[in-house]
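# Reading the structure
Each chain, written out:
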Amino acid sequence: MKPTHTLTHWIVFSLTTLFIMGCGNPEKKTAHIAISTTKSRDTIIDGALRQRLSDFAAAPRARGQFGFYVYDLTADKPVYGVNEHQALPSASCMKLLSGVAGIHLLGPKHLYYSTIYTRGQISGDTLHGDIAFKADLDPQLQGADLTMFAQALKRKGIRKFDGRLYVDLLLQEPVRSEPHWYPWDLSFSRYGVLYKGAPRVAKELKAALRNQGISVADSQVVMGRVPRGSQGVFRYYRSIDRVTRRMWKNSSNTQATSLLYTIGHHVDPKAEPTKAGVAYLRAFMRDSLGLKDTSLVIHDACGLCTHNHLSPAALTTVLRYGYHHKPIYHMLYNELSIAGVDGTLRIEMAGQKTRGRIRAKTGTLSHPYGISSLAGYCKGTNGHMLAFAIMDSEMSVLDARVLQRKLCEALVE
């Protein structure tokens, strides 16, 4: 009986201990990203940094909506925040979420491809058969680039063909404006040719062939799948980092929208791509980032919609997720704008304190009132890597940028 009695006491003690541990100070979590290691739990936050951030928060500023949040990635602990959970218009900082979600889904080595095929026999300068052009959703392929494919046929000695020219595309209709975009926000002429609709692609392809001396009649062109038995002649690849670099460093709205099309088609090839893409972004935010606050709103991937709302804590959560997924972090760190050096920060924060020390994504909309945001990485004075986000709205963009500069100076003082 004694051993059983002892065992009973041990079980009761263990369960009680677990219960007490489970009822400890419950810390509100903003995301399911990583479990702190013993080393990070013991790492001390820079007290001087926290004081500088407190002073920055207390300083007089222009009227308007304002919030910021700083997170110590090395220690895996929050440092300081003001209104960090308040949902505010995100502007182009939305591209951080869409880019990270896209890489998570497609992989950092995802490739876009376009291919020219032939089927049949070549006799003299004539292909007795068909030519086919197949492309997915490469956002940077321009009409002039189709010359590469025509030249590949020319090198095979083809000057004419008696079959059909098949044009096999994932996207048949041209890109259209999303709800709530302002008419002057985006020039659709800047999209790659594959986003201008199938008739435009066919027109550009015919022109490329004819410019290389290859005869093609309008009646030979059909929209359809590449015929069975076709052989690839030339294939062109473009890596996803070429797209995210323009998204992040140059804040390209066309590249971000095209990535949304790619995401949507990958998730559900039969669905309308932007709707499927936005649904995935929302699911990623909820399931992968653990951000379930209903005040956080996603309408597009580029941030042009003024109804997009994120919070400083949400943006920092995206950056934390990237930091803990090294292939994504490598892309973020290399492709975000560098203060005073390149991208949209080329002429911003070019002073001695911040130049070259801040890597971040900007977000700016000057209508219907000023919206400006900044989120990224920097190294603190104690050597710790920091993630930060500051969001301002209902104030002039110039006033908002002053606040952004002052925050960054406090981070690297």
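Here we summarise the structure given alongside this text. (Residues numbered from 1 in each chain as written. Predicted model: local features only at pLDDT ≥ 70, side-chain atom pairs only at ≥ 80, totals over all residues. Heavy atoms only, no water.)

So, about helix α8 (residues 253-267). Every α-helix carries 3.6 residues per turn, so stepping three or four residues along brings you back to the same face. Helix length check: α8, at 15 residues, gives a terminal C-alpha distance of 21 Å against a target of 21 Å (1.5 Å per residue), a fit within 8%. Buried residues of α8: Asn253, Thr254, Gln255, Ala256, Thr257, Ser258, Leu259, Leu260, Tyr261, Thr262, Ile263 and Gly264, and no others. Contacts from the buried residues of α8 go to α4 (94-106), β4 (111-123), α7 (240-249) and α9 (273-288). (Helix = DSSP H or I, 4+ residues; strand = E, 2+ residues; numbered from the N terminus. Expected span 1.5 Å × (residues − 1). Buried < 20%, exposed > 50% of the residue type's maximum accessible area, 1.4 Å probe, protein only. Contact = heavy atoms within 4.5 Å.)

Sheet architecture is open: 6 strands sit in the order β2-β1-β14-β13-β12-β11, paired in antiparallel fashion. Either end of the sheet is taken by a strand with one partner, and the two such strands are β2 (77-82) and β11 (337-338). Here 8 bridges tie strand β1 (residues 65-72) to strand β14 (residues 385-393), and the two strands are oriented antiparallel to one another. Opposite Val70, over in β14, you have Phe388 as the bridge partner. In the packing of helix α3 (residues 47-58) onto the sheet, the strands contacted are β1, β2 and β14, and the crossing angle to β2 comes to about 15 degrees. (Pairing = 2+ DSSP bridges. Axes fitted to C-alpha atoms, helices over the stretch in contact; angles between N-to-C directions.)

The next point concerns unusual backbone geometry. Phi at Asp76 takes a positive value of approximately 55 degrees, unusual for a residue other than glycine. The residue Asp76 is located in the loop between β1 and β2 in this model. A relative accessible area of 10% places Asp76 in the buried class. Positive phi, close to 50 degrees, is recorded for Met349, a residue that is not glycine. By the element assignment, Met349 lies in the loop between β11 and β12 (358-365). You can call Met349 buried: its relative accessible area is 9%.

Moving on, we get to the pattern of salt bridges. Taken as a whole, this structure holds 14 salt bridges when the rule is applied. The salt bridge partner of Lys134 is Asp168, with a shortest N-O separation of 3.5 Å. Taken as a pair, Lys134 in strand β5 (residues 126-135) and Asp168 in strand β7 (residues 165-169) lie far apart in primary sequence, 34 residues in all. For Lys206, the salt bridge identified is with Asp218, shortest N-O distance 2.9 Å. Of this pair, Lys206 sits in helix α6 (residues 198-211) while Asp218 sits in the loop between α6 and β8 (221-223), and the two are 12 residues apart along the sequence. Judged by relative accessible area, Lys206 falls into the buried class, the value being 16%. (Salt bridge = Lys/Arg side-chain N within 4 Å of Asp/Glu carboxyl O.)

For the rest of this paragraph, the subject is the environment of Ala150. Looking at where Ala150 falls in the secondary structure, it is placed in helix α5 (residues 147-155). Each C-alpha atom of the pair Ala150 and Leu205 lies 8.1 Å from the other, and the pair is 55 residues apart in sequence. Leave out the neighbours within four places in its chain, and Ala150 touches Ala208, Leu209, Gln212 and Ile214.

Glancing now at the packing of aromatic side chains. Counting across every chain of the model gives 15 aromatic pairs. On the basis of an interplanar angle of 80 degrees and a centroid distance of 5.1 Å, the ring pair of Tyr323 and Tyr329 is categorised as edge-to-face. For the pair shown, Tyr323 and Tyr329 are each scored as buried. The residue whose ring lies beneath Lys326 is Tyr323, and the NZ or CZ to ring-centre distance is 4.0 Å. Above the ring of Tyr333, the side-chain terminus of Arg359 is found at 4.0 Å from the ring centroid. (Phe/Tyr/Trp six-rings, centres within 6.5 Å; stacked < 30°, edge-to-face > 60°. Lys NZ or Arg CZ within 6 Å of the ring centre and 35° of its normal.)

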